[in-house]
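Geometric and topological summary
Chain by chain, the residues run as shown.
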Amino acid sequence: MTSTINHPLNRKLRMGLIGGGGEGFIGRVHALAAGLDQRAELVAGAFSSDPDKSRLAAAAFGVAADRGYGSYRELIETEARLPPERRVDFITIATPNHTHFEIAQAALEAGFHVICEKPLTNDLDQALTLARLVERTGAVFVLAHGYSGYPLVRQAREMIAAGELGQVHAVRVAYLQGGLWGIEPGQAPARAAWKADPAKAGPSGTLADIGTHAFHLLRFTTGLIPQAICATLARFHSARPLDDYGQIVLRCSGGELATISVSQVTHGRLNDLSLEVDGNRGSLEWRQIEPDRLVVRRHNQPVQIYERNRRTAYSDTVRAACRLPGGHPEGVFEALANLYGDGFDAMIRRADQRGADPSPTIYPTVDDGVEGVYLVQLCLASHGEQGTWKPWKLAE
């Protein structure tokens, strides 16, 4: 019987994973999310910067020993030489920040599609180089801002675009964590020790780590275009030498105001990402810790609660992002899997010689990555000048 998976390819897409070994968790999240809908399978990997550990980790990921590589270069070069019916279709990059550029560049130049963790790079020139390379190769490039995969985040985006809140006046995004208090000064954490090294993490800590997520959520849902930014950053914990707290204010091109608050030193907060949007006809609120609820409020009217339910009269895009019947919670794996599914659709179009979709993609692209890197650069510059306003000059 002929497979109808990923029609007209009629087969699973083949995944190569770079990173994910040791105590890190995000690589395993990617492996599970990519395979959640049975549209892809992990067949190759370079799981650690240590060649021996990388090869040993292959078995834990269900990868054959001969395709557990000692380095990302070995993976890319060897897979590129395999016949088309065997080589990987795409490569997922789940490694420390400072390696994203060199790995993504090598993968794109070898002809592979790329799924990449954020931030895209630690350097704006490198980010722009990758954007030009994606344009030249025509490859699919998905940046892993997984929160944009939640069904009700996509519902909020559609409601705002349809004018259901009226004219947007203001947006507040907060991303609060408290995990740094679990690290004692001088103590090496069990995972992500590289985040304490500016040479690897880059010039920013919390802002680059979770602030880029908050900024993308703002841009994804509202479409607001920054005009100028000011920022104040702080370091309250000695576990890392980089910022662990920040406040950002954005003036947008239509006169809208937006604020972003980020913290990894707020006691008791685990992964509290929230979005609030104010319009002249209504407001909405969404929180990642309750992702299946979207709250809409209007003056002197009952509060409306939208719940994730694929049988509800949401748009095809929102329903497609739901897997389980209403009342059965979905979460991070499913949201990231939606990004993978969107990317898979684009990969299949390209393989079927229909080319890339000319319309804007719903999944985050390399261009979103460039914006995130630019945001970090502007905020650091603003903070360095005591919160001076910095114009947003990145071309649309």
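Residues numbered from 1 in each chain as written. Predicted model: local features only at pLDDT ≥ 70, side-chain atom pairs only at ≥ 80, totals over all residues. Heavy atoms only, no water.

What follows covers the overall build of the chain. Helices and strands together make up the secondary structure of the chain, namely 11 helices and 14 strands. In terms of principal-axis extent, the alpha carbons of the chain reach across some 65 × 55 × 40 Å. A fraction of 68% describes how many contacts in the chain between residues 6 or more apart in sequence connect residues 24 or more apart. When the accessible surface of the chain is totalled, it reaches about 17700 Å², and 51% of it is carbon and sulfur. (Helix = DSSP H or I, 4+ residues; strand = E, 2+ residues; numbered from the N terminus. Contact = heavy atoms within 4.5 Å. Areas by Shrake-Rupley, 256 points an atom, 1.4 Å probe, with all protein chains shown as cover.)

Between helix H5 (residues 124-137) and helix H11 (residues 366-384), whose axes approach to 9 Å, the crossing angle comes to 170°. Looking at the two axes, H5 sits roughly antiparallel to H11. Seen from H5, the contacting residues are Leu124, Ala127, Leu128, Leu130, Ala131 and Val134; seen from H11, they are Val366, Asp367, Val370, Val373, Tyr374 and Gln377. Looking at the contact of H5 with H11, its residues break down into 10 nonpolar, 1 polar and 1 charged. (Axes fitted to C-alpha atoms, helices over the stretch in contact; angles between N-to-C directions. Parallel < 35°, antiparallel > 145°, perpendicular 65-115°, else oblique. Nonpolar A, V, L, I, M, F, W, Y, C, P; charged D, E, K, R; others polar.)

Pairs of aromatic rings are described using the distance from one ring centre to the other and the angle between the two planes. Taken as a whole and assessed by the stated rule, the structure comprises 11 aromatic pairs. Consider the rings of Tyr150 and Trp286, whose centres lie 5.4 Å apart with planes at 50°: the pair is tilted. In this pair, Tyr150 is assigned in the loop between strand E5 (141-143) and helix H6 (151-161) and Trp286 in strand E11 (residues 283-287), connecting sequence segments 136 residues apart. Geometrically, the ring pair formed by Tyr340 and Phe344 is tilted, given 5.8 Å between the ring centres and 55° between the ring planes. With Tyr340 and Phe344 both in helix H10 (residues 332-351) and 4 residues apart, the pair spans about one turn of that helix. Note on accessibility: Tyr340 and Phe344 belong to one class, buried. (Phe/Tyr/Trp six-rings, centres within 6.5 Å; stacked < 30°, edge-to-face > 60°. Buried < 20%, exposed > 50% of the residue type's maximum accessible area, 1.4 Å probe, protein only.)

If you walk through the whole model with that rule in mind, you get 0 disulfides. Cysteine Cys230 remains unbridged, with the sulfur of Cys379 as its closest cysteine sulfur at 8.7 Å. (Disulfide = S-S within 2.5 Å.)

The topology assignment puts Asp209 in helix H8 (residues 206-222). One polar contact links Asp209 to Gln264, side chain to side chain, over a distance of 3.0 Å. (Polar contact = N/O pair within 3.5 Å; in protein donor to acceptor, adjacent residues only side chain to side chain.)

What follows concerns empty space enclosed by the protein. Empty space among the atoms can be located by rolling a probe the size of a water molecule over them. Across all of its chains, the model carries 3 cavities of 30 Å³ or more by this definition. Considered as a void within the structure, the largest cavity measures approximately 40 Å³ in volume. His145, Thr212, Phe215, His216, Arg219, Asp368, Glu371 and Gly372 are the residues that line the largest cavity. Broken down by secondary-structure element, the contributors of at least two residues to the lining of the largest cavity are H8 and H11. (1 Å grid on protein atoms, 1.4 Å probe; cavity = no way out; pocket = protein on both sides within 12 Å on 5 of 7 lines; lining within 4 Å. Points joined across faces, edges and corners; volume = space filled by probe spheres on them.)

With that settled, consider the sheet that holds strand E14 (residues 390-391). Spatially, the 9 strands line up as an open sheet ordered E13-E12-E11-E10-E6-E9-E8-E7-E14, and their pairing is mixed. Edge positions in the sheet fall to strand E13 (304-307) and E14, since each of these pairs with one other strand and no more. In the packing of H6 onto the sheet, the strands contacted are strand E6 (168-176), strand E10 (272-279), E11, strand E12 (293-297) and E13, and the crossing angle to E12 comes to about 30°. Against the sheet, H8 engages E6, strand E7 (226-234), strand E8 (245-252), strand E9 (257-263), E10 and E11, with an angle of about 150° to E9. (Pairing = 2+ DSSP bridges.)

A few words on the environment of Phe101. As for its placement among the helices and strands, Phe101 is situated in helix H4 (residues 100-109). Remark: the alpha-carbon pair of Phe101 and His213, spanning 112 residues in sequence, is separated by 19 Å. With near-sequence residues (within four places) excluded, Phe101 lies in contact with Leu120, Thr121, Gln126, Thr129 and Leu130.

Strands belonging to one sheet form pairs held by backbone hydrogen bonds; the direction of such a pair is parallel or antiparallel. Read across the sheet, 5 strands follow the order E2-E1-E3-E4-E5 without closing on themselves; strand pairing throughout is parallel. Here the strands that pair on one side only, and so sit at the sheet edges, are strand E2 (40-46) and E5. Ignoring strand direction, the axes of neighbouring strands in this sheet form an average angle of 20°. With 5 bridges connecting them, strand E1 (residues 13-19) and strand E3 (residues 90-94) associate as parallel partners. Residue Ile18 lies in a different strand from E3, and its bridge partner there is Ile93.

Both E11 and E12 contribute to a ladder of 4 bridges, which runs antiparallel. Directly across from Glu285, in E12, lies its bridge partner Val295. Taking the residues that link successive antiparallel strands as the turn, the E11-E12 hairpin has 5 residues. Here E12 pairs with E13 via 4 bridges, running antiparallel. Bridge pairing in E13 links Val295 to Ile305. Between E12 and E13, which pair antiparallel one after the other, the connecting turn spans 6 residues, and Asn300 there sits at a positive phi close to 60°.

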